[in-house]
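# Architecture at a glance
So you can see what is in the structure, the chains are spelled out below.
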Amino acid sequence: MIVRRFFEPAIAQSSYLVGCSAAGKAIVFDPNRDVDQYVRAAADAGLRIAYVTETHIHADFVSGARELAKRTGATLLLSDEGDADWKYAFADEGRLVRHGDAVTVGNVRVDILHTPGHTPEHLTFLITDGAVADVPMAAVTGDFVFCGDVGRPDLLERAANMAGTMEKGARVLFRSLEQFKRQEDWLQIWPGHGAGSACGKGISAVPHSTLGYERRFNWAFKVGGEQEFVSSVLAGQPEPPKYFATMKRVNKEGPPLLGGFHVPPRMDDAALPALVAGGATVVDARPAAEHAAGFVPGTLNIPLNASFVTWAGWLVPYDVDLYLVLPEGAESRLEEVARALALIGLDRIAGYFGAGAVAAWARQTSQPLGTTESVTAPALVAELHGEAPPVVVDVRSQAEWNDGRIDGAVHIPLGYLADRLAEVPRDRRVVVQCAAGARSAIGCSVLARAGYTNMVNLEGGFDAVRQLQSPRA
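Small disclaimer: the values here were computed from a predicted structure and weren't measured.

### Let's talk about the environment of A379
Topologically, A379 is positioned in helix α13 (residues 377-384). For A379, a relative accessible area of 31% gives the class partly exposed. Spatially, the C-alpha atom of A379 lies 57 Å from that of W186, the residues being 193 residues apart in sequence.

### Comments concerning helix α2 (residues 65-72)
Listed in full, the buried residues belonging to α2 are A65, R66, E67, L68 and A69. Lining the buried residues of α2 we find β3 (25-29), α1 (36-44), β4 (48-53) and β5 (75-79). Two residues or fewer after α2 comes G73, characterised by a positive phi angle close to 75°.

### Some thoughts on the packing of aromatic side chains
The description of an aromatic ring pair rests on the distance of the ring centres and on the angle between the ring planes. The tally for this structure, following the rule as stated, stands at 11 aromatic pairs. On the numbers, 4.7 Å between centres and 65° between planes, the contact of F6 with Y38 is edge-to-face. Placement of the pair is F6 in strand β1 (residues 2-8) and Y38 in helix α1, with a sequence separation of 32 residues. A single burial state applies to F6 and to Y38, both of which are buried. Taken together, the ring pairs connect F174, W219 and F229 into an aromatic cluster. The ring of F90 carries R66 above its face, with NZ or CZ at 5.8 Å from the centroid.

### Considering the environment of G370
In this fold, G370 is placed in the loop between α12 (357-365) and β17 (373-375). Residues G370 and V337, 33 residues apart in the sequence, show an inter-C-alpha distance of 26 Å. Leaving out residues up to four positions away in the same chain, G370 has contacts with H291, A292, A293, G294, F295 and P297.

### Overview of the pairing of strand β18 (residues 391-394)
The side-chain alternation of β18 yields two buried faces, one formed by V391 and V393 and the other by V392 and D394. Sheet analysis places β18 next to strand β19 (residues 410-411), joined by two bridges and oriented parallel. Bridge pairing in β19 links D394 to H411. One crossover worth recording links β18 to the parallel β19 by way of helix α14 (residues 398-403), and it is right-handed.

### Quick notes on the pairing of strand β7 (residues 102-105)
Taking every second residue as pointing to the same face, the buried face of β7 carries V103 and V105, while none of A102 and T104 on the other face is buried. Relative to strand β8 (residues 108-114), β7 runs antiparallel, the two being bridged by four bridges. The residue bridging A102 from the neighbouring strand is D111, located in β8. In textbook terms, the turn of a hairpin is the stretch between consecutive antiparallel strands, and for β7 and β8 this stretch comprises two residues, one of which, G106, has a positive phi near 65°.

### Considerations on the pattern of salt bridges
Taken as a whole and assessed by the stated rule, the structure comprises 28 salt bridges. The salt bridge involving D347 is made with R33; its shortest N-O contact spans 2.6 Å. With D347 in the loop between α11 (334-343) and β16 (349-353) and R33 in the loop between β3 and α1, the pair connects residues that are 314 residues apart, well separated along the chain. A residue is classified by how much of its surface remains accessible, and D347, at 29% relative accessible area, is partly exposed. The buried category is assigned to R33, whose relative accessible area is 4%. In this structure, R171 engages E226 in a salt bridge whose closest nitrogen and oxygen atoms are separated by 2.9 Å.

### What about the packing of helix α4 (residues 166-180) against helix α6 (residues 226-234)?
Look at α4 against α6: their axes get within 9 Å of each other, and the N-to-C directions meet at 120°. Considered as vectors, α4 and α6 are oriented oblique to each other. The crossing of α4 and α6 is right-handed. On α6, the residues touching M166, E167, A170, R171, L173, F174, R175 and L177 of α4 are E226, Q227, F229, V230, V233 and L234. Looking at the contact of α4 with α6 residue by residue, the class counts come to nine nonpolar, one polar and four charged.

### Things to note about the sheet that holds β18
Ordered by their spatial adjacency, five strands build an open sheet running β17-β21-β20-β18-β19, and the pairing between neighbours is parallel. Each edge of the sheet is formed by a strand with only one pairing partner; in this case those strands are β17 and β19. The pairing of β18 with strand β20 (residues 430-433) spans four bridges and is parallel. Considered in β20, the bridge of V392 is made with V431. The sheet strands contacting α13 are β17, β18, β20 and β21 (455-458), and the helix crosses β17 at an angle near 80°.

### Here's the deal with the nonpolar core
Membership of the largest hydrophobic core comes to 55 residues, with the highest contact counts inside it found for I302, F308, L324 and L417. When residues of this core are traced back to their parent elements, those giving at least two are α7 (243-253), α10 (308-315), β15 (322-325), α11, β16, β18, β20 and α15 (438-449). Beyond its immediate chain neighbours, meaning those up to four positions away, F308 contacts V283, A285, I302, P303, L324, V337 and L341. Counting residues in hydrophobic clusters, the runner-up holds 23 residues, among them F6, L68, Y88 and F90.

Parameters and conventions
- Residues numbered from 1 in each chain as written.
- Predicted model: local features only at pLDDT ≥ 70, side-chain atom pairs only at ≥ 80, totals over all residues.
- Heavy atoms only, no water.
- Helix = DSSP H or I, 4+ residues; strand = E, 2+ residues; numbered from the N terminus.
- Buried < 20%, exposed > 50% of the residue type's maximum accessible area, 1.4 Å probe, protein only.
- Contact = heavy atoms within 4.5 Å.
- Phe/Tyr/Trp six-rings, centres within 6.5 Å; stacked < 30°, edge-to-face > 60°.
- Lys NZ or Arg CZ within 6 Å of the ring centre and 35° of its normal.
- Pairing = 2+ DSSP bridges.
- Right-handed = clockwise from strand over helix to strand, strands pointing away.
- Salt bridge = Lys/Arg side-chain N within 4 Å of Asp/Glu carboxyl O.
- Axes fitted to C-alpha atoms, helices over the stretch in contact; angles between N-to-C directions.
- Parallel < 35°, antiparallel > 145°, perpendicular 65-115°, else oblique.
- Left-handed = near helix turned anticlockwise from the far one by under 90°.
- Nonpolar A, V, L, I, M, F, W, Y, C, P; charged D, E, K, R; others polar.
- Core = buried A, V, L, I, M, F, W, Y, C linked by side-chain atoms within 4.5 Å.

In structure tokens form, the structure reads like this:
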């Protein structure tokens, strides 16, 4: 048996190729949109991809299952579990499978379990190496069981706006876990995500585990009963990115076939003024400090770092063309950036500018660049006790807010800031604050794009204020 794990750092996502060398066949689980990597891996191992499948309708990335099946001529296996709301619209392109079904790939047997809770249609795949064993050695668990955590059951309600599903899903997930933990201790856990994914609240960075280890150390297997599990699994979940709802719809209806990643063209600097004036979506991917020192009004700053894809999914609309301003020296990463955005369905990158386009804009328009001021924690504390205190906008998560906050602050998580501008006054000084200053820099950019001119970024964020023993609610 041949096993290959693929890990996508930009979205903390894992997919798997399992093959039989004797038969020269393979099956791919949970492929993302970069289908070339699976085709290459199979060819390198002398395998033909015979089946493509996925554990569930994904919410955090665009599935590559449909495209990979089309590309290779493989049979597409799709879940037929769940109710009518969770049936694939393109089911006629493949074969529907249910709990108790099995497929063989040469000497490899894949048994299918229905493990609902994260989503109603979720499947887990038990892998048996039939050449040497007659019991499963591993489980491809998708978003059911992670290393150190389990899949969150609240996404249908909080991301897809399906009211009343959160607690019901938690109870179903508990029962799925009760069934699953009867498997053998040695069963390897091959999860769909690692640390950094918003599909759980405490996923380990360890790539794989065993059921015996998880039964002993994973919190979800140690709770006292169903009600305790329901309360625990729903508590402290991070805000689901807004693009999750879009991903669910796209993956259910059938992702468009890419035929390869599109690399956008270099734009002439002279085109930037007209684009910005016309309200185009222009993402300035330079570091926050560079953006704060001088930016083109109307652009949105999302620094090109490990969180770039996540915040792009939160803040960039899906129904318009997108333009990028890349940092100095980042043009060599253009293909990587376009690929990463396409993984979450942001395909409409119409072009990009180099970092020099910012200064060129100022020369062409004879207008001053925008700037963002900052304030230190001691200065803010002094202002808060002065005669005209500023409004503090806290853009951290709900869990961080619950753990401590500046007295009197307005809480608007960064991903929702553009939707809740009515809560941010335009006639007062606004201090934007996160934990350490990175998210609040993006928040200042969101406000600047909306026409605010009186906002400043808190250096060091709440961590710096906490060190000064600032009041907490």
